[in-house]
Structure formats: structure tokens, C-alpha cells
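The residues making up each chain are set out below.
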Amino acid sequence: ARRASRVRFARARRATKVGRGSRGGIHEAPARRRGASPRRLDGSRREGGDDQTRAMQTPDWGALEAVDGVRLSWNVWPNSKAEAAKCVVPLGAVVTPRKPLPDMPVVPYDPVRCKGCAACLNPYARVDFNGKLWICPFCYARNHFPPHYASISETNLPAELFPTYTTIEYALQRPAAPPPAYLLVVDVCLIEEELSALKQSLTRALSLLPENALVGLITYGTHVHVHELGFGDCAKSYVFRGGKEFSSGQIQDQLFAGARSASGANNRVGAGMTANNPHPAAMHGGGANGAHAAGHQSRFLAPLADCEFQLTSVLEELSRDPFNALPDCRPARCTGTAVAVAATLLSSSVPSQPARAMLFVGGPATDGGGQVVGKDLEQAMRSHKDIAKDAAPFMRKAFKYYETIATQLCANGHCLDVFACSLDQVGLEEMKVCVDKTGGMVVLAESFANVVFKTSFSRMFATGKDDALGVSAGGVFEVITSRDVKTAGCVGPCAPLDKKTLPGAIADVSIGSGGTTAWKLCSLSDDTSLAVFFEVANSGKDGGGGGQDGGYGAQGYGAQQQQQQFFLQFVTMATLASGETRLRVTTTTRRWTEGANVNDVAAGFDQEAGATLVARQLTWKMETEDEFDCPAATRWLDRNLIRMCQRFGDYRKDDPASFQLMPQFSIYPQFMFNLRRSQFVQVFNNSPDETAYYRMILWRENVLNSLVMIQPTLMAYSFNGPPEPVLLDVCSITPDRILVLDAFFSIVVFHGQTIAQWRKANYQDQEEHVAFKQLLEAPKADANDVLKQRFPTPRLVDCDQHGSQARFLLAKLNPSATYNSGGAGGGGGGDIIFTDDVSLQVFMDHLKRLAVAKD
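From a predicted model like this one, the values you see are computed outputs, not experimental measurements. (Residues numbered from 1 in each chain as written. Predicted model: local features only at pLDDT ≥ 70, side-chain atom pairs only at ≥ 80, totals over all residues. Heavy atoms only, no water.)

## Details of the overall build of the protein
- A count of helices and strands for the protein gives 25 helices and 30 strands.
- A total of 855 residues make up the protein; the buried ones form 58% of that total.
- Taking the contacts inside the protein whose residues are at least 6 apart along the sequence as the reference set, 72% of them involve residues at least 24 apart.
- Accessible area of the protein: about 34500 Å², with a carbon and sulfur share of 50%. (Helix = DSSP H or I, 4+ residues; strand = E, 2+ residues; numbered from the N terminus. Buried < 20%, exposed > 50% of the residue type's maximum accessible area, 1.4 Å probe, protein only. Contact = heavy atoms within 4.5 Å. Areas by Shrake-Rupley, 256 points an atom, 1.4 Å probe, with all protein chains shown as cover.)

What follows is the structure, given as C-alpha cells:
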């Protein structure tokens, strides 16, 4: 049943490929009749006898992703920088470093690396079996095989040279990592019901942790309390004043009584953090520092098996902050100070070891470092309008405060998880830098008693094959490219490291975290995806082969190969939950082409990966550029879409009716239409915390999940047949249907008017209406399957047509029938949308008109 539901939702993701074409696709049937040819964007049919059209059928790029976990926006690259700029959509790849690959080999030895660029041995290397040499396809350096490869021959190849093993994983021969550490940072400025629900979830989570896991507890309200779990005689805690900002040295002096000098290496936040030595201290500690760390660890972080009873007792006796808020004032909550104490405690107790600071916050910070609002209730929380007008007095200082903490966490390989459960904002916009750079998990819910928080928090510790998140720690992600490809940057939950593979490997203009070819991943799961952007280095018109910089093998084999293809290698090192260190190497190749050959370039376009990369680039610009607000972002999207249609469209000047797009681009305009309407671009009716949350999740999900966020899927259930995907349009609403909308952050089960009336009449309880009962149960069962598989857990909305919560569905639908469109949406039992937004059909008409206009 679960497999069947996954298949149905996979069909829904592909539903927009069927019948989206005609004038935006909104009037096409949800399923194509057998023998009918699909439509283009202008409504003309593509005849089956067209040889050129058959040759340009869109490949299944998702199949390549299933092999290597890599998906490129362009699979054929123009051979010059100027021609690449005309492609509009950036050259990039969406990489899932820890994606489970069933056919991937795991070998129990270390990789063989190139002496020139540090690339790993791969199937694309040229091998001289007689001389025991191999030529690196990236820098063309000649490398000798190590002694244990002496028996290599054409019939005796190591796994990394097998042509089918373009992705291989090495089990590095290193000591097992110590058990993970979990530091709970709990907000006690909550009402009794919220605090009780949080304590129940925390107590339940302790039963899911391994017995050798280190645990600690910090509670905060007006002051910060660090509980010493290693002191068994009575409850003992160290108190920090919440209204004061403490340096790392001051926190260490108070907690460890003069241990600041012994841990001086950890006080210099970020010192010595490079790709070759990503941690400032030794992997497992040693010497004096190791002894001090062990002493600190036994006091505040203890194995669960030793302190479970004491920790459970402290949680059960935990009460609200004794300092009650004054009338018309917010409670004094020192969230920033608590996070700073947690970061310093972890860096001193478990330096460079897997550790997570798990922050549970139920309101805004009103005191100490990281303050986001004053205590007086007359002062409202900052809004998007306040931020745009620079009228948020605490924001800049809070940003700098959390950036310092993020650097300290990254230096030691620790991460911060945020569980924000409040009807008000909590300051997630300010502390997002800590989550983004460390790769921590983030969950936003209305209450600690909400199923969204409870389910998501429990899945953090799940170990089952289907439910486990596959969390790894201490990761380093490295990109190695051919000579004519430069790395522009990476957008995702990572922090840049100071490393460059070869001179000229870094692009002049950065996108995301740039200026490097390696990034730190303090925490990543099996689904964590990174968007890597590239740039063509060759600025000439004489082909893709560089030869500009000389170097290894610039003549002969190297020059000939450069003219034909280029290579990309993604190297990811991470420590698994079992303590084993793995190094995954993925090597892929694509070919060059003449930039003027538009059909050749277009044949390699992956519109789904392209839309994902554009969404990440756009949100990154909105986060980092002050002038890049919502109107500017919309204009940027529109201009780029018009340029792309002018480049790859087939039309006659000033004749919109003649406009056609190649099949590889048929859905891309619809993705852009939904992206410009999405919560990632439009901030109206969203708080800054909500916008930050949506963008943080977008930056870490794979292509399919990102597309669900941009363009939700819609499934229809009725008596007329099995569940089927339908168009994301208001015309899909009918009285005798049940619709299921998957918008990633929420799942809406929408009952048509007739279905709702039958349900209220209790027809499903009558024996003669068993079919109706099954119809009601099927969408809820499929929705529950999605809820169990996704993290964070989406919000489930069960609503009826014309009900108040129907707005969750209507807000995502294409407004083809509105109050002023003259359509008969409500006349036939359908619905209309009260909005002034343009529909997809109007959007496409304007796009065609602008694309064919003379310059």
C-alpha cells in the first residue's frame, strides 16, 4: 500500500508534463487519450511523424540522479563564457552527497589521489598497465600507483576503475568516532501546558537514544542554568545572568574554574579551519587538552546509561521561570545567551567530536545577546516592512552575535538544531545563520503539543530503515573540476573552507558560499542536497579546450580530451552514526559543444534541476542583497525567462501566435510562474521567521522535493476511477471529488461540496455505501504515508469546499476563474478565487508577446 501511494504521488509530480502546454496548459485534460499527440505551449499539436521532434524527446534525467545522486541543469555545455551567459539558467549541479545508492560499492581501503589536483582515481582516468601509471583526467598529471596496486592489469581492475562504478565509497581506516553528544537547551518561559508537553517529548526522546550517547541539559529564562549531571548527590547547576553578554573565555572560566588556558585552541574561534584540517583540535583529543576535555565532559555531558535517572528527575521537576513577567510585558527570555553557553560548553567538553545543541524555544528573545524585541508589548515584532525600512533596531546586532556563534560551532564541527514552537515569532530570522552554516535541523510549529513537532522530533532519533534520517557528522564536501570549469560557489547548509584545488579553479563572481572548492558539513542527512554553481573559464571562441594555463599534459591526450568533454568530481567525507568514517567519490562527465549550436545545447537541458538552481540562486540574492526585494526578484525572474524564451524559442518576429518552445523547456515557464507566486519570493502574509524557515528547507532538499515546494502536486479521488493527478488549477475543483494537495510544508485533503454533504449525512456508516467509505479513507491513508516519510513533518489540513480552511488549497491554485474573469467557475459546482493575480494563461500570453517583440 505504501509503495502504491508513493507511485501515485510520483505520478502527481509528473502530472504537469501532461497537457500543460495549451496556452499555459490550464485547459488540457489531466490525462492524455491514447493516440493523441501532446500539445506545445502555443496549443499546436506535435505530429508523430516529425523526425526532428522525435529526436529531441526529453531524457529521463532522474534516472541519472538515481545512479550518482547528481543532477545538472545543463548536460551539454557551451564552450565559451560568452555563450554560457546566453543560456540564462546557471550552469550548476544539485548534489545529494549521502543519497542511498543500492548499487554503489563500498571498499575497505583509502582512495588513490592525484599529486596535482588531489582528485581521486576514477573510471575516466587513462591507465598505463605496463608502467603502472595513471593520468588524471582533471589536471593530466601522471601518477604512479601505490605498491598494493602492483597486480593491476586489464583483467584485474580495482573497483574504482570499473566503468559502471562512477560513484564509489571508501571505508576509511580510522579509529571509530566517539558516541554523539546531545545538549538540550530548554526554554522555561512557557505556559504550563506547553512546558508539560515539551517535557513529555524530551522524556520520550531519552528512551530512543543509545545508551552510550552523551547528554546534557541547559535551561533558560531570565537566567541560564547549566545542569551538572555528573554530580549525583543533589541537583546542581551553574547560573549565568541572562541580560549580560559573555565571551567564550568568561563562560569557560565560570564553568571549568580556570580551564580557559588549557582549551585556548578552542577559544580562537575558527582558527586553523581548512579543508585538510577542518577541526582545530585532534579528532579525538589528546594530551593535556584531551584530559581537560574528558574532565569537562564527565561534569556536564555524561553517558545516558549513567545519568538517565538524574536527567529524568530534573526534567520531571522542571518548572516555569520563577521571574514572572510584569503586566503588559513579555517574559525575560535570554535565548542568545543560552545558545552561546551551549556552543562554548560543547567546544570545551567534546572538541571536534559529533555533537548537537538542540534548542527548544517558545517565544522571542527579549534580553541579552541576540535580542530581537523589547519587553514592552507595545513594541511589535519586526516585520518585512520594518526590515526593508531599516526599522528593526535589534536585527543587525543580533545577526553579528549569531554569526560569531556559528563560526564557533563550525570550528568544532558541532551543529545547532532549532525547534521553534510559538504563535509569535521567536527570532529564527536572526539565528538562521547558525542553522545554515552548521547544517542543523529546523522545525517550525504552533505548539509543543502539535503533531508537527512531536513527530519531527521523534524522527530525529529513529533507527528504522524506513524512518531513519541517516544523520552524519563532521563532513567535508569538495568539488574538483576540469581546467576549463570554475567553481562559483555553493548554496546549501554548509560553511566555506579555505581551499583551492588548482590556480584558476575559483570563479570571479561568487554565488552562495564562494571563494573555495571545499565546504564544511557539520551535519547532513541522507536527503541533504547542495547546489553547486559553475562557470566556463574559456572566454575565447576557439572551442572548449583550454590550454590557456599550460600545466600537466596540455598537449596530446589532454588537449584532445579537453576539446570533447569535461569532468566533475564530488568528494564527501562524513562520519556515520555508527562511528565509521566514509569517503564517497562521484565522478561524472559531460561534453562541450559550440555555443551557436542552440539545438545541441537545448537537448541537454534539465528543466527540473534548472528550476531548482534558479530558486536557490534567487533566494540567496534575496537573503544577501538589501535592494533585492520582492518586486526586484519578480522582475529578475521575468527578465531571465524572457531572455531564455528568446534564445531557445522558435518564432517569427512580432508574431506571438508563432511562438513555440522545445520540449526540453515546455514546463520551465510554468515553474517560473509558480516560483514568482511562492512563499520564497512573495513575503506578504508571512512573517520574517516563516520566510527564513521556508528558505532554509529549500536550501537542503533534493530536486523533486524542491519542485513540490515550488509547484505543489494535486491528486483527485472520485468514483470515476483510480486516483489520478490533475492540473494545479481552480478548474480541478468539482463537487464530487476529493483533492489532495501536497505543498511539502502542508498536505490538504479537500472534499468537494457533494462529498462533504454525504459525509455529514453519515452515508459512510451505512453498509450499502461501503464504496463511499473507502473513497473517504483512501486520500487520508495516502496523506498519512507522506507524513511518515517527510521531515519536517508537514501540517495536515482536512477541509471542505467553501469552508474556512479551503484557503490553504485555493492559495496554491492557478486563478483561471476569478471574481472578475467572467468565468463560470461556480456555476458548474466548481469554485472561483477572489484575487487580482494574473492566471497562467495571461502570463503565457504576455511572455509570448514580449519574447517575439523586436529589440
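On we go.
## Quick word on the pairing of strand β24 (residues 649-652)
- With three bridges joining them, β24 and strand β25 (residues 655-661) adopt antiparallel strand pairing. Of the residues in β25, the one forming a bridge with R652 is D655.
- The loop that links β24 with its antiparallel partner β25 comprises two residues; one of these, D654, has a positive phi angle of about 60°. (Pairing = 2+ DSSP bridges.)

## Things to note about the sheet that holds strand β27 (residues 721-725)
- In spatial order, the strands read β27-β26-β28-β29-β30; together these five strands make up an open sheet with mixed pairing. Two strands lie at the open edges of the sheet, namely β27 and β30 (795-800), each paired on one side alone. For this sheet, the mean angle separating the axes of adjacent strands, direction not counted, is 15°.
- Pairing of strand β29 (residues 746-751) with β30 involves six bridges; the strand directions are parallel. The partner of I747 across the bridge, within β30, is L796. (Axes fitted to C-alpha atoms, helices over the stretch in contact; angles between N-to-C directions.)

## Description of the nonpolar core
- In terms of nonpolar packing, the biggest core is built from 134 residues, with W74, W77, V418 and L675 touching the most fellow members.
- Contact partners of W77, with chain neighbours within four places excluded, come to L72, L91, V485, F534, V536, F566, R591, W592 and T593. (Core = buried A, V, L, I, M, F, W, Y, C linked by side-chain atoms within 4.5 Å.)

## Overview of the sheet that holds strand β6 (residues 133-135)
- Ordered in space as β5-β6-β7, the three strands form an open sheet in which the pairing is antiparallel. Pairing within the sheet leaves two strands with one partner each, and these edge strands are β5 (126-128) and β7 (142-144). Going from strand to strand, the sheet's axes swing by 25° on average, the running direction of each strand aside.
- One ladder, built from three bridges, connects β5 with β6; its direction is antiparallel. Among the inter-strand pairings, D128 is bridged to a residue of β6, identified as L133.

## What about the pattern of salt bridges?
- In total, this model carries 32 salt bridges according to the counting rule given.
- The residue R333 makes a salt bridge to D187 at a minimum N-O spacing of 2.6 Å. Within this pair, whereas R333 is found in the loop between α9 (304-316) and α10 (335-349), its partner D187 is found in strand β9 (residues 181-187), the two being separated by 146 residues in sequence.
- Residue classification places R333 among the buried residues on the basis of a relative accessible area of 3%.
- The class for D187 is buried, based on a relative accessible area of 0%.
- Each of R98, E169, E580, R582 and R584 takes part in a single network of salt bridges with overlapping partners. (Salt bridge = Lys/Arg side-chain N within 4 Å of Asp/Glu carboxyl O.)

## Looking at the environment of H384
- Looking at the secondary structure, you find H384 in helix α11 (residues 384-388).
- The exposure class assigned to H384 is partly exposed, which follows from its relative accessible area of 23%.
- Sequence-wise, H384 and D689 are 305 residues apart; in three dimensions their C-alpha atoms are separated by 9.7 Å.
- Filtering out sequence-adjacent residues up to four positions away, H384 remains in contact with V683, N686, S687, P688 and T691.

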